[in-house]
Amino acid sequence: MAKIIAVVNQKGGVGKTTTTVNITAALHELGKRVLLCDFDPQANATSGMGVDKNTASPNIYDVLVSEADPVKAVVSTRYGDVLPSNKALAGAGVEMIGIDNREKLLQRALEALSDRYDFIFVDCPPSLELLTVNALCAAGSLLVPVQCEYFALEGLSDLLSTVRLVKRKLNPGLTMEGVLLTMFDSRTNLSLQVAEEVKRHFPGQVYATVIPRNVRLSEAPSHGKPISAYDPYSRGAEAYKLLAEEMCGAG
């Protein structure tokens with residue numbers, strides 16, 4: 001059975017998709033069986049893994065709304081498997097309203113795939129709407145990327161309130177996998193201060209590995225590759241390799 005981890009923070013631009021793509025690839029390189037479920041209508045994780053989001057069919061939208069077979073929707077890549085997304089997913093929240101147990105649709109889809117993988121990562125949209133609630137119901141744990149910039153903790157209380165609600169009503173077993181510091185610049189006092197503040201808010205839950213601010217990390221998606229394939233000797237590639245090793249050590 002796979003460990004299902006939702007990568008979530010309703011704030012945009014914190015490194016959710018970058019983390020989902022690169023931790024998938026790094027764990028795949030360590031010999032793990034990994035699936036990336038792209039649950040964001042922007043489908044950046046799909047294209048970041050080298051899959052064409054415009055032609056991938058069936059995709060996660062078809063699985064949720066049209067009951068397509070999730071096994072047939074999976075695309076295998078050199079960097080791990082992908083359950084692709086596309087912009088049709090943006091309307092899924094409305095279409096799901098009339099479906100029974102609508103909060104559990106993703107959970108059902110991933111249950112059909114779980115025994116094939118060691119890890120399933122769900123890249124969540126930057127919101128706390130029905131899609132994210134589905135991801136929180138399907139996941140066993142959360143990975144929360146937090147960028148080392150001003151207002152890093154802003155909005156996290158909203159996320160934690162939603163998580164508490166989901167735990168109480170829908171998924172009592174949901175736990176915190178870890179908080180990941182992203183866009184870290186060791187040369188600035190600000191990054192160091194934010195890191196300390198995050199550790200104070202989440203004692204014992206912050207990964208030892210931090211993801212540096214790294215130009216190569218931001219270039220890689222436009223080439224449809226994770227950082228380990230685009231520039232394996234970059235600081236970003238090294239950081240995600242260390243994160244993968246840390247996750248394996250913990251799990």
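Residues numbered from 1 in each chain as written. Predicted model: local features only at pLDDT ≥ 70, side-chain atom pairs only at ≥ 80, totals over all residues. Heavy atoms only, no water.

Here's the deal with the packing of aromatic side chains
Right, so step 1: The tally for this structure, following the rule as stated, stands at two aromatic pairs.
Right, so step 2: Seen in terms of ring centroids, Tyr-150 and Phe-151 are 6.4 Å apart; in terms of plane orientation they differ by 50 degrees. Their pairing is tilted. Summarising the burial analysis for this pair, Tyr-150 and Phe-151 share the class exposed. (Phe/Tyr/Trp six-rings, centres within 6.5 Å; stacked < 30°, edge-to-face > 60°. Buried < 20%, exposed > 50% of the residue type's maximum accessible area, 1.4 Å probe, protein only.)

Some words on the sheet that holds strand β4 (residues 80–83)
Right, so step 1: A sheet is described by the order of its strands in space; here seven strands give the open sequence β3-β4-β2-β5-β1-β6-β7, paired in mixed fashion. Both outer strands of the open sheet, β3 (75–77) and β7 (175–182), are each paired with one neighbouring strand and no more. Averaged over neighbouring strand pairs, the angle between their axes works out to 25 degrees when direction is ignored.
Right, so step 2: Summarising the sheet, strand β6 (residues 141–147) and β7 pair through seven bridges and their orientation is parallel. Paired with Val-146 across the strands is Leu-181, a residue of β7.
Right, so step 3: Of the strands in this sheet, β1 (3–7), β2 (34–38), β4, β5 (119–123), β6 and β7 touch helix α1 (residues 16–29), which is tilted by about 165 degrees from β5. (Pairing = 2+ DSSP bridges. Helix = DSSP H or I, 4+ residues; strand = E, 2+ residues; numbered from the N terminus. Axes fitted to C-alpha atoms, helices over the stretch in contact; angles between N-to-C directions. Contact = heavy atoms within 4.5 Å.)

What about helix α9 (residues 189–201)?
Right, so step 1: The terminal C-alpha atoms of α9, which comprises 13 residues, lie 18 Å apart, in line with the 18 Å expected from a rise of 1.5 Å per residue.
Right, so step 2: Taken residue by residue, α9 has Ser-191, Val-194, Ala-195 and Val-198 as its buried positions. The buried residues of α9 occupy an angular sector of 105 degrees when the element is viewed end-on, so they sit on one face. Exposed residues lying more than 90 degrees from the buried face of α9 are Asn-189, Gln-193 and Arg-200.
Right, so step 3: Close packing links the buried residues of α9 with β6 and β7. (Expected span 1.5 Å × (residues − 1). Arc of directions from axis to C-beta.)

What about the nonpolar core?
Right, so step 1: By size, the foremost hydrophobic cluster in this structure holds 54 residues, and its most contacted members are Phe-39, Leu-106 and Leu-110.
Right, so step 2: The leading source of residues in this core is helix α7 (residues 130–138), at seven residues.
Right, so step 3: Among all residues touching Leu-106, those that are not within four sequence positions of it are Cys-37, Phe-39, Ile-60, Leu-64, Val-122, Asn-134, Ala-135 and Ala-138.
Right, so step 4: The next biggest cluster of nonpolar side chains, apart from the first, holds 21 residues, and it includes Val-34, Phe-121, Leu-217 and Ile-227. (Core = buried A, V, L, I, M, F, W, Y, C linked by side-chain atoms within 4.5 Å.)

Observations concerning the layout of surface pockets
Which parts of space are left empty comes out when a probe the size of a water molecule is rolled across the atoms.
Right, so step 1: Taken as a whole, the largest pocket holds about 550 Å³ of empty space.
Right, so step 2: Lining the largest pocket are 31 residues, and of these Gly-15, Lys-16, Thr-17, Thr-18 and Met-183 lie nearest its centre.
Right, so step 3: Of all elements in the fold, only α1, α2 (44–48) and α10 (215–219) reach the threshold of two or more residues within the lining of the largest pocket.
Right, so step 4: In terms of residue count, the dominant contributor to the lining of the largest pocket is α1 (five residues).
Right, so step 5: Among the residues forming the lining of the largest pocket, the class breakdown is 14 nonpolar, 12 polar and five charged.
Right, so step 6: In this structure, the second largest pocket encloses a volume near 160 Å³.
Right, so step 7: In terms of lining residues, the second largest pocket is bounded by Val-63, Leu-64, Val-65, Glu-67, Ala-68, Pro-70, Ile-99, Leu-105, Arg-108 and Ala-109.
Right, so step 8: Breaking the lining of the second largest pocket down by element, the ones donating at least two residues are α3 (60–65) and α6 (105–111).
Right, so step 9: Considering only residue class, the lining of the second largest pocket consists of eight nonpolar, no polar and two charged. (1 Å grid on protein atoms, 1.4 Å probe; cavity = no way out; pocket = protein on both sides within 12 Å on 5 of 7 lines; lining within 4 Å. Points joined across faces, edges and corners; volume = space filled by probe spheres on them. Nonpolar A, V, L, I, M, F, W, Y, C, P; charged D, E, K, R; others polar.)

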